[in-house]
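Structural characterization, general
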Amino acid sequence: MTIFEALREDHQIQRELLEDLLQTSGDSQERDQLYRQLRAELQYHAAAEERALYVPMMANDLTQEKARHSVAEHHEIDEQLETLDATDYTSPAWLTQARKLSELVIHHLDEEEHEVFQLAGRGLAENQKTELAEAYRQEMARQRQDA
């Protein structure tokens, strides 16, 4: 498995959680559970992805700019999560903010899968792609265990 395949697996989990979350309403247990799960997945994924993919990409002139852009998008997503954290589940603004989060995340995932991965694929050695996948999976396991 390559780093790109490992990341796509988690991207699919994030897409499904977002879709499910946007179907919830009010101060429900389902909304709370899905939001907490999504929030954790996004944070774990960003931390592991930055370590396993973006650090090596930043060391390469070909991929440095894309890596920095993607890390900046992680910060935008974090800021949107903070906005959601500060908004009551019963507020009509909560769903509006959740949709904004969904748009940010989907844009980020699509950009990674259609632009970043292709560029990184040219900049990383073949053996490095599998080594980075293992590093990513280990970091995700560590993040989930520490939670």
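Only a predicted model underlies this, so the values are computations on that prediction, with no experimental measurement involved. (Residues numbered from 1 in each chain as written. Predicted model: local features only at pLDDT ≥ 70, side-chain atom pairs only at ≥ 80, totals over all residues. Heavy atoms only, no water.)

1. Let's talk about the overall build of the protein
- Looking only at helices and strands, the protein features five helices and zero strands.
- The order of helices and strands in the protein, counted from the N terminus, is α-α-α-α-α.
- A globule of 147 residues ought to have a C-alpha radius of gyration of about 15 Å, and the protein, at 16 Å, matches this closely.
- Over its C-alpha atoms, taken along the principal directions, the protein stretches across nearly 50 × 30 × 20 Å.
- Looking at the protein residue by residue over its 147 residues, the buried ones come to 45%.
- Within the protein, counting contacts between residues at least 6 apart in sequence, those at least 24 apart form 77% of the total.
- Roughly 7,800 Å² of accessible area belongs to the protein as shown, and the carbon and sulfur atoms make up 46% of that amount.
- Computed over 15 positive and 32 negative side-chain charges, the separation of the two mean positions in the protein equals 1 Å. (Helix = DSSP H or I, 4+ residues; strand = E, 2+ residues; numbered from the N terminus. Rg over C-alpha atoms; globule rule 2.2 N^0.38 Å. Buried < 20%, exposed > 50% of the residue type's maximum accessible area, 1.4 Å probe, protein only. Contact = heavy atoms within 4.5 Å. Areas by Shrake-Rupley, 256 points an atom, 1.4 Å probe, with all protein chains shown as cover. Lys, Arg positive; Asp, Glu negative; His and termini not counted. Charge placed at Lys NZ, Arg CZ, Asp CG, Glu CD.)

2. As for helix H2 (residues 29-58)
- An ideal rise of 1.5 Å per residue puts 44 Å on 30 residues; H2 measures up with 41 Å between its terminal C-alpha atoms.
- The largest bend along H2 measures about 45 degrees and falls at Glu 50. (Expected span 1.5 Å × (residues − 1). Bend = angle between axes of the 7 residues up to and from the residue.)

3. Notes on the environment of Pro 56
- Secondary-structure assignment places Pro 56 in helix H2.
- In this structure the C-alpha to C-alpha distance between Pro 56 and Thr 2, which are 54 residues apart in sequence, comes to 14 Å.
- When near neighbours in sequence (up to four residues on either side) are disregarded, Pro 56 contacts Arg 51, Leu 124, Gln 128 and Leu 132.

4. A few points about the nonpolar core
- The biggest cluster of nonpolar side chains holds 21 residues, and the ones touching the most others in it are Ile 3, Phe 4, Leu 53, Tyr 54, Met 57 and Tyr 136.
- The set of elements that each furnish at least two residues to this core consists of helix H1 (3-21), H2, helix H3 (64-85), helix H4 (92-123) and helix H5 (126-146).
- The element contributing the most residues to this core is H2, with seven residues.
- Every residue in contact with Leu 53, bar those within four places of it in the chain, is listed here: Ile 3, Phe 4, Leu 7, Phe 117, Ala 120 and Leu 124.
- Within the second largest apolar cluster, 16 residues are counted, among which are Leu 42, Ile 77, Leu 84 and Tyr 89. (Core = buried A, V, L, I, M, F, W, Y, C linked by side-chain atoms within 4.5 Å.)

5. Focus: a negative patch on the surface
- Where like charges cluster on the molecular surface, the negative patch consists of Glu 16, Glu 19, Asp 20 and Glu 30.
- The greatest single-element share of the negative patch, amounting to three residues, is contributed by H1.
- Looking at where Asp 20 falls in the secondary structure, it is placed in helix H1.
- Taking relative accessible area as the criterion, Asp 20 reaches 38% and is therefore assigned partly exposed. (Patch = residues over 30% accessible without salt bridge, like charges linked within 9 Å, V, L, I, M, F, W, Y side chains within 5 Å. Salt bridge = Lys/Arg side-chain N within 4 Å of Asp/Glu carboxyl O.)

6. What to know about the confidence of the model for the protein
- Averaged over all residues, the pLDDT of the protein equals 96, while 100% of them reach at least 70.
- When pLDDT is averaged over each helix and strand of the protein, the minimum, 94, is found for H5 and the maximum, 98, for H1. (pLDDT = per-residue confidence, 0-100.)

7. Section: the environment of Gln 128
- Structurally, the position occupied by Gln 128 is in helix H5.
- The class of Gln 128 is partly exposed, set by a relative accessible area of 25%.
- Put simply, Gln 128 and Arg 36 are 92 residues apart on the chain and 33 Å apart in space, counted from C-alpha to C-alpha.

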